[in-house]
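Here are the chains, one letter per residue:
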Amino acid sequence: MPLDPVPLDQELVNEMTVAKLETEHGRLLMPVVPVDMGIIAADVYELYDEDEAYRRAKEELGLSPLVTFEWHEDDAPTFDNSLELLNLGARSYITISPDDAVAQHWEAIAMAEPGSREMLRAFFLDLSKDNGASYSLDLYSALPTRVYSDHLACDTIAASFAEYLDWDERRSPGAWQNACQYLPRAVGNSPDLVIGSMALRKEDTEFARRRYINAYASAVYIDPAAAVAT
């Protein structure tokens, strides 16, 4: 029998007790601590274990990526990281995908109501302001070299990168200039990116920062329509 989204939504919404953000488009709530989705879903649907809960959520409830990051560093192993989206009725639950290598469970870190593009953008920029710390998450260890998303536009990704570097700059002055000192081969060398990098290395101004980060985001963002076409 296919999974009914209603009982899972009823369980999860009761966990979202902290009001994080409210805008004209809706509200963003989060749990006191990340919610173990596998345990809750396995219990609600009387499934064998958390792995089965995760698999069936993808197959039957439409769990899908919100955004996927990849890091292709020169002469280093490639790794990736994803946030996923579970739409249950009008609400969208943002979750961390499981990763056995680092003992990461499938966890919910926030709920957007409604799960519109505007609210997902608001969530993502709020997440980036402290690199995910307030959501018990490490979002970036460095700027990614590929970004895929059907829900977040390139300008949102650029704004997220800027928020991350602003946060890093407050912790460690010089973070912006350090970010443009070296461009991995995977990022490419578009004229806008090279010129932006040179300008920021020459003079660290707000204009130079935004010019560079917009060019960087454009270089690493994979447009969904273009990806489908290829």
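Look up a bit, the structure's there.
Residues numbered from 1 in each chain as written. Predicted model: local features only at pLDDT ≥ 70, side-chain atom pairs only at ≥ 80, totals over all residues. Heavy atoms only, no water.

(A) Inspection of the overall build of the chain at higher detail. Counting secondary structure elements, the chain contains nine helices and nine strands. Since a compact globule built from 230 residues should have a radius of gyration of about 17 Å, the 19 Å found for the chain is in line with a globular shape. Taking the principal axes of the C-alpha coordinates as reference, the chain spans close to 60 × 35 × 35 Å. Looking at the chain residue by residue over its 230 residues, the buried ones come to 46%. Put simply, 61% of the contacts in the chain that link residues at least 6 apart link residues at least 24 apart. Accessible surface for the chain amounts to roughly 11,600 Å². Of this, 50% is attributable to carbon and sulfur atoms. For the chain, the centre of its 18 positive side-chain charges and the centre of its 40 negative side-chain charges are spaced 9 Å apart. (Helix = DSSP H or I, 4+ residues; strand = E, 2+ residues; numbered from the N terminus. Rg over C-alpha atoms; globule rule 2.2 N^0.38 Å. Buried < 20%, exposed > 50% of the residue type's maximum accessible area, 1.4 Å probe, protein only. Contact = heavy atoms within 4.5 Å. Areas by Shrake-Rupley, 256 points an atom, 1.4 Å probe, with all protein chains shown as cover. Lys, Arg positive; Asp, Glu negative; His and termini not counted. Charge placed at Lys NZ, Arg CZ, Asp CG, Glu CD.)

(B) A nonpolar patch on the surface, seen in detail. A contiguous nonpolar patch, built from Val 18, Val 32 and Val 33 and spanning about 270 Å² of accessible area, is present on the exposed surface. In this fold, Val 33 is placed in the loop between β2 (26-30) and β3 (35-36). What makes Val 33 exposed here is its relative accessible area of 56%. (Patch = residues over 30% accessible without salt bridge, like charges linked within 9 Å, V, L, I, M, F, W, Y side chains within 5 Å. Salt bridge = Lys/Arg side-chain N within 4 Å of Asp/Glu carboxyl O.)

(C) Structural detail: the environment of Met 1. Secondary-structure assignment places Met 1 in the segment before α1 (5-13). Along the primary structure Met 1 and Ala 57 are separated by 56 residues, whereas in three dimensions their C-alpha atoms are 13 Å apart. Not counting chain neighbours up to four residues away, the residues in contact with Met 1 comprise Arg 56 and Glu 60.

(D) Spatial organisation of helix α8 (residues 206-220). When the terminal C-alpha atoms of α8 are compared, their 21 Å separation across 15 residues agrees well with the 21 Å that a helix rising 1.5 Å per residue should span. For α8, every residue scored as buried is listed here: Ala 208, Arg 209, Tyr 212, Ile 213, Ala 215, Tyr 216, Ala 217 and Val 220. Turning to α8, the residues buried within the fold contact β8 (146-148), α5 (154-171), α6 (175-179), α7 (191-202) and β9 (221-222). (Expected span 1.5 Å × (residues − 1).)

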